[in-house]
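# Geometric and topological summary
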Amino acid sequence: MNSSGDLHPNWLALTTLPLQLKRFVRAGDPETQQEGPKASKSEIEGISGVQAQDFYKEVLDTPTTSIVSRPIKRKEPRKLPRKQLEPFNKGHFFRLATGNKVEELSQMEIPEDELNSRDSFGWTALMMAACEGAVDAVIFLLQKEADVEVRDKSGNSALKLAQRKGHLEIVELLEAATVPEDPSEEEEPADANMPFYCEICKRDYKETPWPVHQTSTVHQFNLESLPPNRLHKFNISAKNRGLQLMVKQGWDQEHGLGPNHKGRLYPVKTVLRKQRTGLGIEQEPARVTHFKPFDLNAVRRRDPVIQQRRTRSDMQREKVREWKRERHLRRELS
């Protein structure tokens, strides 16, 4: 029956089940307790119960000397967030290689197919760095497995350009990285006394070999006399205010203006119209400067024109003079 006094829905099935009934006895009632079967105690032969009890007490009273090893939790190393690489830009990549800026090159994502990309003249970044003497940039590009055998439209390789400029350290690096030729292929060695033209000295050499000329005094002197940038040929001083402002804005003094470095680099050419003729008449060619060679007037400073200071009486006389001129003009027109 449930708490409300109703019978269980399956009371008939429950009454017919062969269940073994259990009798519940109240605790502490000795009369109702039945003596059950005594549990058999385990006995050890040769040892009495008192001796076993004393042994267990001695074990419990003995201080523990063993060190419980606890599992050591190893801290997982923190995963540092990877620095996001700068996207590849061909023009910026060439400028960094030329400027020997290895840290910025390492922060740029350089695909393998763009490592040997060329400009309009067929030059790669390795060739530019070798020509400019950027040793660190050459080492970085060689570690990236840049192709050493690439040649420009004139047939010059990075090794040849470095030899022409006299960068001996870069020459050693490129020679070490050059793939040795197969010894099975027998080729005649190149003649060291072959005539050549030196672009730096602007001369043809027939008797002197190229390695000897490369270390000669004349060649080294001409290397040092080269201007560090293109603007030096116009004798623009580094103290020029306009030049300083443009350099401060990020201009490299080598390439054209604008973000793509395709803007104007040289000054605008002008034409002096000395003759009073029309636009269709042929004039002199446009020039950057209209001074003749070795003309000192081009750099001569003009003396400032000193104007005489005007006093109050001078301004009064001028005002009276203007008033008389105006009155005379009105009389003539009336």
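Nothing here was measured: the structure is a model prediction, and the numbers come from that model. Throughout, a residue's number is its position along its own chain's written sequence, starting from 1. The predicted nature of this model means local features are confined to residues of pLDDT at least 70 and side-chain atom pairs, given and counted, to a pLDDT of 80 or more, with totals for whole chains, interfaces and linings taken over all residues. Side-chain measures were taken over the full set of non-hydrogen atoms in the model, leaving aside hydrogen atoms and water.

## Section: the overall build of the chain
- Secondary structure summary: the chain contains twelve helices and two strands in total.
- A run of H or I in DSSP counts as a helix once it spans at least four residues, and a run of E counts as a strand once it spans at least two, with each numbered from the N terminus. Secondary structure of the chain in N-to-C order comes out as α-α-α-α-α-α-α-α-β-β-α-α-α-α.
- Accessibility here uses a 1.4 Å probe with only protein chains present; expressed as a share of the type maximum, an area under 20% marks a residue as buried, one over 50% as exposed, and anything in between as partly exposed. Every one of the 334 residues in the chain was classed for burial, and the buried ones make up 17%.
- Any two residues whose heavy atoms approach within 4.5 Å are treated as being in contact. At a minimum sequence separation of 6, the contacts of the chain that also span at least 24 residues come to 44%.
- In the structure as shown, the chain presents an accessible area of about 30,500 Å², 52% of it carried by carbon and sulfur atoms. Note on areas: Shrake-Rupley with a 1.4 Å probe; residue coverage comes only from the protein chains shown.

## So, the side chain of D152
- Residue placement: D152 occurs in the loop between helix 6 (135-143) and helix 7 (158-165).
- Counted charges follow a simple rule, with Lys and Arg positive, Asp and Glu negative, and His plus the chain ends left uncounted. Counted as salt bridges are all cases of a side-chain nitrogen of Lys or Arg within 4 Å of a carboxyl oxygen of Asp or Glu. Buried and unpaired, D152 has no salt bridge, with R151 as the nearest side chain of opposite charge at 7.0 Å.
- Two N or O atoms count as a polar contact when they lie within 3.5 Å, although within protein this holds only if one can serve as hydrogen donor and the other as acceptor, and sequence-adjacent residues are included solely when both atoms are side-chain atoms. Of the polar contacts made by the side chain of D152, one reaches the backbone nitrogen of G155; its length is 3.0 Å.
- Of note is the side chain of D152, whose polar atom sits 2.6 Å from the backbone nitrogen of N156.

## Some remarks on helix 6
- V135, A137, V138, F140 and L141 are the residues of helix 6 that are buried.
- Packing partners of the buried residues in helix 6 comprise helix 3 (90-98), helix 4 (102-106), helix 5 (125-132) and helix 8 (168-177).
- Once helix 6 ends, the next one or two residues include E145, with phi positive near 65 degrees.

## A short note on the nonpolar core
- Counting residues in hydrophobic clusters, the biggest one holds 30 residues, and the most contacted among them are F93, L126, L141, I170 and L174.
- Listed by contribution, the elements that provide at least two residues to this core are helix 3, helix 5, helix 6, helix 7 and helix 8.
- With seven residues, helix 5 is the single largest residue contributor to this core.
- The contact partners of L174, leaving out residues within four places of it in the chain, are L126, A130, V138, L142, V148, A158, L159 and A162.
- Here, nonpolar core means buried Ala, Val, Leu, Ile, Met, Phe, Trp, Tyr and Cys residues that are tied together by side-chain atoms lying within 4.5 Å of each other. Counting seven residues, the second largest nonpolar core, distinct from the first, contains F196, Y205, W210 and L223.

## A look at the confidence of the model for the chain
- Per-chain confidence: the chain averages 76 in pLDDT, with 71% of residues scoring 70 or above.
- Ranking the elements of the chain by mean pLDDT puts helix 1 (residues 11-16) last with 67 and helix 12 (residues 312-333) first with 91.
- Per-residue pLDDT stays below 50 along residues 182-190; that stretch engages in one contact with residues further than four places along the chain or on separate chains. For every residue, the predictor reports its confidence as pLDDT, a number between 0 and 100.

## Comments concerning a nonpolar patch on the surface
- In this scheme, patches are assembled from residues that exceed 30% relative accessible area and form no salt bridge. Like charges are connected within 9 Å, while nonpolar side chains (Val, Leu, Ile, Met, Phe, Trp, Tyr) are connected within 5 Å. Among the surface-exposed residues, F55, Y56 and V59 lie close enough to one another that they form a single nonpolar patch of about 340 Å² accessible area.
- Relative to the helices and strands, V59 is located in helix 2 (residues 49-61).

## Focus on the pattern of salt bridges
- Counted by the stated rule, this structure contains four salt bridges.
- The partner of E318 in a salt bridge is R310, with the nearest N and O atoms 2.6 Å apart.
- Of the residues examined, E318 reaches a relative accessible area of 34% and is grouped as partly exposed.
- Ionic pairing is found between D314 and R317, a salt bridge with its closest N-O pair at 2.7 Å. Highlighted residues: D314 and R317, both in helix 12, separated by three residues, approximately one helical turn.
- Accessibility expressed as a relative area gives 48% for R317, which makes it partly exposed.

## Digging into a negative patch on the surface
- Taken as the charge location is NZ of Lys, CZ of Arg, CG of Asp or CD of Glu. Where like charges cluster on the molecular surface, the negative patch consists of D136, E169, E172 and E175.
- Of all the elements, helix 8 adds the most residues to the negative patch, at three residues.
- Tracing the backbone through its elements, the reader meets E172 in helix 8.
- Under the relative-accessibility criterion, E172 is labelled exposed at 55%.

## Structural notes on the packing of aromatic side chains
- In summary, the pairing rule links any two rings of Phe, Tyr or Trp, Trp by its six-membered ring, whose centres are within 6.5 Å, and it sorts them by plane angle into stacked for under 30 degrees, edge-to-face for over 60 and tilted for everything else. Considering all chains together, one arrives at four aromatic pairs under this definition.
- Seen in terms of ring centroids, F93 and F94 are 6.0 Å apart; in terms of plane orientation they differ by 35 degrees. Their pairing is tilted.
- A residue is classified by how much of its surface remains accessible, and F93, at 0% relative accessible area, is buried.
- Accessibility expressed as a relative area gives 9% for F94, which makes it buried.
- Measuring from ring centre to ring centre gives 5.7 Å for F196 and Y205, while their planes differ by 25 degrees; the resulting arrangement is stacked. Here F196 and Y205 have matching classes, each one buried.
- Among the aromatic residues, ring-to-ring pairing joins F88, F93 and F94 into one connected group.

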